[in-house]
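Structural overview for review
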Amino acid sequence: METIIRKIDTTNYEEVIKEAAKIIKKSGLLIFPTETVYGIGANAMKSQAAEKIYLAKGRPSDNPLIVHVCDMDMVDMVAKDFSEQAKKIAEHFWPGPITIITNKKNSVPMTTTGGLETVAIRMPSNKIADDIIKKSGVPIAAPSANISGKPSITSENFLVEEFMGKVDMIVLGGEANIGIESTVVDTTGDKVTILRPGYITKKDLQEVLDEDVLLDTNLSDTNAAPKSPGMKYKHYSPNCEIYIVTGKELEKIAKIQAKLAEDQKNGIKSVALGRSFMGCFLTEFIGLGDSYEEIAKNIYTALRTLDKKGYEKAYITAFEPIGIGFSIMDRLNKAAGHKTI
C-alpha cells in the first residue's frame, strides 16, 4: 500500500482536510492528530473499514474502537439512547478528552464495537480532527495510532516508521496537547463507571454529575474479570523491561541508584525515569517533567525513546495516584506488567 504523508499547515490546510476526508469516505485508513494521542481512523459505519484498523494495528478483534463525532447530530447516528448522565457529561466536557459508552444503534457494525451492543463515543477538541470528521460527514472509528500493545504516539515522531505502507494517509499535525488517551466512562448502568482513567478525573465527573462515580473493578484488581474485552490486553509497553519503583522520594532514588550500578556491573544498559529534578542524583536518566500535566504529555515519547536508544531495563518512579496521577500510574503499571521494586 502506498502511504501519502502530509504535514498540515496554514498554506495547505483546506487541501489536506479535503484529501483526508476523501480517504475516510472511500473506507480507507487515515492517521490524524487529536488532543490526546494520534489516532488511526476509518469510517465507523462500514464494517470492512473498521476491519482494516484491526489489521493495521495487529489489534484483537474483540477490542472495541472509539467512534469520533463532530456534533450531537452525529451522536444520534450511532447512539440508541443517551441517558441524562451522558448528556450532562457531554454538555460539560465535549469537545474534549472523554469517551462516553452508551447503547448502540443497529446501524453501527459489530466490527466497530468489538462484538458489543454498546458504542464508545468521543468528540475531539483538536481542530484538525474535528474538521476531518465534519468534511467526511461520517463518524470515524479511531483507536490510538500504534501497533497494538506498544506505547501510543503523541508527536509526529514514530508515525512514519510504524505505519508506512499500512495506511492510506498520515496527517502530521504537531504534538498532542494532553498526551494520554481519553477517560472512558460507561453510562449504561445506574451509576457512571470509569473504565479507563484519563485527563478528566473521577473528581471532575462527580462535581458535574453531583453524584458518586464508580471505578471499574479491573482498575484496582488485576485479577478481576474485565467489563469490556478491550481492557484485558497488555498496553503501552516498549520492548525494554519496565519496573515501577515505589517508596518515599529518597528511598526511590536509592533503589534506582543500586539497580543502575548493578546493571552496569552486569553489562545491562539501563536508565531511570522520573520527575526532572531527580536527574542530578542519577547517572542515566530521562526527565518526564515536574507537573502531572507535563508527565502525561511526555510519558509515551519517553517510553518509545527507551527502545530507540537500546535500553534493556528502565526504572520509573511511582507517582501519587491522585487526579491525573492515577491515570498516569494506570498506563505505567500496564507498561511494566505491574512489576514493582
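Fair warning: this is a prediction, and the values are worked out from it, not measured in the lab. (Residues numbered from 1 in each chain as written. Predicted model: local features only at pLDDT ≥ 70, side-chain atom pairs only at ≥ 80, totals over all residues. Heavy atoms only, no water.)

1. Section: the UniProt feature "binding site: ATP" (unreviewed entry) in the protein chain
Definition in use: UniProt positions are given in the numbering used here, feature names are shortened, and annotations may be inferred rather than shown by experiment. Helix and strand definitions here come from DSSP, where helices need a minimum of 4 consecutive H or I residues and strands a minimum of 2 consecutive E residues; each element is numbered from the N-terminal end.
The residues that UniProt annotates with the feature "binding site: ATP" (unreviewed entry) are Arg59, Asn63, Thr118, Ser144, Ser152, Arg196 and Tyr236. The named residues occupy 178 residues along the chain; their greatest pairwise C-alpha distance, 24.6 Å, places them well apart from one another. Among the secondary structure elements, Asn63 is positioned in the loop between α2 (47–57) and β4 (66–68). The topology assignment puts Thr118 in strand β6 (residues 118–122).

2. Here's the deal with the pairing of strand β15 (residues 313–317)
Basically, it comes down to this: Buried residues are those whose accessible area, probed at 1.4 Å on protein chains only, stays under 20% of the maximum for their type, while exposed residues exceed 50% and partly exposed ones sit between those limits. Strand pairing is defined by DSSP finding a minimum of two bridges between the two strands.
Where burial is concerned, most of β15 is hidden: four out of the five residues are buried. By the bridge criterion, five bridges tie strand β12 (residues 241–245) to β15 in an arrangement that is parallel. Of the residues in β15, the one forming a bridge with Glu241 is Lys313. Examined bridge by bridge, strand β13 (residues 270–274) and β15 share four bridges and lie parallel to one another. What sits directly across from Val271, in β15, is Ala314.

3. Examining the packing of aromatic side chains
A ring pair, where both rings are aromatic, is described by two values, the distance of the centres and the angle of the planes. Using the following cut-off: Any pair of Phe, Tyr and Trp rings, taking the six-membered ring for Trp, is counted once the centres come within 6.5 Å. Such a pair is stacked with planes under 30 degrees apart, edge-to-face with planes over 60 apart, and tilted for the rest. Whether a charge sits over a ring comes down to the Lys NZ or Arg CZ being within 6 Å of the ring centre and within 35 degrees of the ring normal.
Per the stated rule, a full pass over the model turns up four aromatic pairs. A centroid spacing of 6.3 Å and a plane angle of 85° characterise the contact between Tyr292 and Phe319, whose relative ring orientation is edge-to-face. With Tyr292 in helix α9 (residues 292–308) and Phe319 in the loop between β15 and α10 (324–335), this residue pair connects regions lying 27 residues apart in the sequence. Of the two residues, Tyr292 and Phe319, neither departs from the other in class, the shared state being buried. We note Lys269 situated over the ring of Tyr311; from NZ or CZ to the ring centre the distance is 5.0 Å. The ring of Phe158 has Arg304 lying over it, and the distance from NZ or CZ to the ring centre is 5.4 Å.

4. Section: the pattern of salt bridges
How we decide: Here, a salt bridge means any side-chain nitrogen of Lys or Arg that lies within 4 Å of a carboxyl oxygen of Asp or Glu.
The tally for this structure, following the rule as stated, stands at 14 salt bridges. Across the pair Lys7 and Glu156 runs a salt bridge, and its minimum N-O distance is 2.4 Å. In this pair, Lys7 sits in strand β1 (residues 4–7) while Glu156 sits in the loop between β7 (140–141) and α6 (159–163), placing the two residues 149 residues apart along the sequence. Take Lys7: its relative accessible area is 45%, and that puts it in the partly exposed class. Overall, Glu156 belongs to the partly exposed group, its relative accessible area being 23%. The salt bridge involving Asp130 is made with Lys134; its shortest N-O contact spans 3.0 Å. Note that Asp130 and Lys134 are positioned in helix α5 (residues 127–136) at a spacing of four residues, about one turn of the helix. Three or more residues joined by partner-sharing salt bridges are found here, namely Glu181, Asp330, Arg331 and Lys334.

5. Overview of α5
Short version of the rule: A contact between two residues is defined here by any heavy atoms of the two lying within 4.5 Å. Polar contact is defined as a pair of N or O atoms within 3.5 Å, subject to the rule that within protein one atom must be able to donate a hydrogen and the other to accept it, and that residues adjacent in sequence are counted only when both atoms are side-chain atoms.
α5 sits mainly inside the fold: seven of its ten residues count as buried. Looking only at α5, the buried set comprises Ile128, Ala129, Asp130, Asp131, Ile132, Ile133 and Ser136. As for α5, its buried residues are in contact with α1 (13–25), β2 (30–32), β4, α3 (72–78), β7 and β8 (169–172). Between the side-chain oxygen of the N-cap and the backbone nitrogen of Ile128 there are 2.9 Å, and the N-cap of α5 in question is Asn126. Positive phi appears at Gly137, one or two residues downstream of α5, with a value of about 80°.

6. Describing the UniProt feature "domain: YrdC-like" (unreviewed entry) in the protein chain
Here, UniProt's "domain: YrdC-like" (unreviewed entry) annotation points to residues 14–200. Across residues 14–200 one finds 29% helix and 19% strand; the C-alpha atoms that close the span lie 31 Å apart.

7. Focus: α2
Within the span of α2, buried status applies to Ala49, Ala50, Ile53, Tyr54, Ala56 and Lys57. Once α2 ends, the next one or two residues include Gly58, with phi positive near 70°.

8. Looking at the domain arrangement of the protein chain
Quick note on the threshold: Annotation comment: domain bounds sourced from an automatic or database domain assignment. When two components associate, each loses some accessible surface as probed by a 1.4 Å sphere; the sum of these losses over both components is called the buried area.
Each assigned domain of the protein chain is listed here: domain 1 (4–215) and domain 2 (241–336). Taking only C-alpha atoms into account, the centre of domain 1 sits 29 Å from that of domain 2. Taken together, the contact pairs 25 residues of domain 1 with 15 residues of domain 2. Of the roughly 1700 Å² buried at the junction of domain 1 and domain 2 (both faces included), carbon and sulfur atoms supply 57%.

9. Observations concerning the nonpolar core
Using the following cut-off: As used here, the term nonpolar core means buried Ala, Val, Leu, Ile, Met, Phe, Trp, Tyr and Cys residues forming a set that is joined through side-chain atoms within 4.5 Å.
Core analysis: the largest hydrophobic core is formed by 66 residues, its most contacted members being Leu30, Ile31, Ile40, Ile89, Trp94 and Leu205. For this core, the element with the highest residue contribution is α1, accounting for six residues. Ranked by size, the runner-up nonpolar core spans 30 residues in total, among them Ile244, Ile299, Ala318 and Ala336.

10. Focus: the packing of helix α4 (residues 84–93) against helix α7 (residues 202–209)
The angle between the axes and the distance between the axes are what describe a pair of packed helices. Stated precisely, the cut-off is as follows: For helices, the fitted axis covers only the stretch in contact; all axes are lines through C-alpha atoms, and the angles between them, taken along N-to-C directions, range from 0 to 180 degrees. Under this scheme an angle from 65 to 115 degrees is roughly perpendicular, one under 35 degrees roughly parallel, and one over 145 degrees roughly antiparallel; angles in between are oblique. Put simply, a crossing is left-handed when the front helix is turned counterclockwise from the back one by less than a right angle, and right-handed when it is turned clockwise. Only Asp, Glu, Lys and Arg are considered charged, only Ala, Val, Leu, Ile, Met, Phe, Trp, Tyr, Cys and Pro nonpolar, and every remaining residue, Gly among them, polar.
It is at 10 Å that the axes of α4 and α7 come closest, and there the two elements cross at 110°. Accordingly, the angle class assigned to the pair α4 and α7 is roughly perpendicular. For the element pair α4 and α7, the recorded crossing hand is right-handed. Where α4 abuts α7, its residues Gln85, Lys88, Ile89, His92 and Phe93 lie against Asp204, Leu205, Val208 and Leu209. Across the contact of α4 with α7, the residue classes tally to five nonpolar, two polar and two charged.

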